[in-house]
Amino acid sequence: MERSLLIEKMASYCYCEGVLETTQGNYVFDFKELDMVFGLEEGTTKSLQEDLIQAIDKYDGVCDIVAENESFDINYYTMYCPQIEEKDE
């Protein structure tokens with residue numbers, strides 16, 4: 001698969017999966033997990049890290065993204081996350 005298409009597919013996955021699954025506004029994606037999901041050699045996600053950060057950050061629902069400890073920690077604006085837990089006041 002062409003590099004730019006792979007990056008876009010991975011970014012879309014991280015965005016869609018994250019906003020649909022988060023209950024608190026953030027979601028962590030392990031690099032090894034992403035390699036497995038996309039059938040890539042181990043270490044591929046790490047090598048694409050900077051390009052993936054830029055691609056993921058383009059989504060309106062992304063507040064910020066941090067790459068550390070072989071993972072992405074993505075924070076989403078809660079209005080984009082249908083499963084956000086309501087806090088009792």
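Please refer to the structure higher up on the page.
Remember, predicted model here, so these are calculated numbers, not experimental data. Throughout, a residue's number is its position along its own chain's written sequence, starting from 1. Only residues with pLDDT of at least 70 get local features here, since the model is predicted, and only at 80 or more are side-chain atom pairs given and counted; chain-wide, interface and lining totals rely on the full set of residues. Remark: hydrogens and water are excluded; side-chain values derive from all non-hydrogen atoms of the structure.

(A) Representation of the pattern of salt bridges. When a carboxyl oxygen of Asp or Glu is within 4 Å of a side-chain nitrogen of Lys or Arg, the pair counts as a salt bridge. Here the structure, examined in full by the defined rule, presents three salt bridges. Residues R3 and D51 are paired through a salt bridge, measuring 2.4 Å at the closest nitrogen-oxygen approach. You can see R3 sitting in helix α1 (residues 3–21) and its partner D51 sitting in helix α4 (residues 49–57), a full 48 residues away along the chain. Between buried and exposed lies partly exposed: a residue is buried under 20% and exposed over 50% of the maximum accessible area for its type, with that area taken using a 1.4 Å probe on protein chains only. Accessibility expressed as a relative area gives 30% for D51, which makes it partly exposed. Where helices and strands are cited, they refer to DSSP runs of H or I of at least four residues and of E of at least two residues respectively, numbered from the N terminus.

(B) Spatial organisation of the sheet that holds strand β1 (residues 26–30). Taken in spatial order, the three strands line up as β1-β3-β2 in an open sheet, and their pairing is antiparallel. Where the open sheet ends on each side, the last strands, each with one partner, are β1 and β2 (62–68). Put simply, the sheet's adjacent strands are angled 15° from each other on average, direction ignored. Note on contacts: a residue pair qualifies if any of its non-hydrogen atoms lie within 4.5 Å across the two residues. The convention used is that axes are lines fitted to C-alpha atoms, helices contributing only their stretch in contact, and that angles between N-to-C directions extend from 0 to 180 degrees. Contacts from α1 reach β1, β2 and β3 (71–76), with the element oriented near 135° to β1. Sheet contacts for α4: β2 and β3; angle to β2, the most-contacted strand, approximately 165°. At least two bridges found by DSSP between two strands is the condition for calling them paired.

(C) Fine view of the environment of I53. Examined against the element boundaries, I53 turns out to sit in helix α4. Sequence-wise, I53 and I65 are twelve residues apart; in three dimensions their C-alpha atoms are separated by 6.9 Å. Beyond its immediate sequence surroundings of up to four residues, I53 is in contact with I65, A67 and F72.

(D) Representation of the side chain of T45. Tracing the backbone through its elements, the reader meets T45 in helix α3 (residues 44–47). Residues within four places of T45 in sequence aside, it is in contact with M10, F31, L34, D35, L40, L52 and F72.

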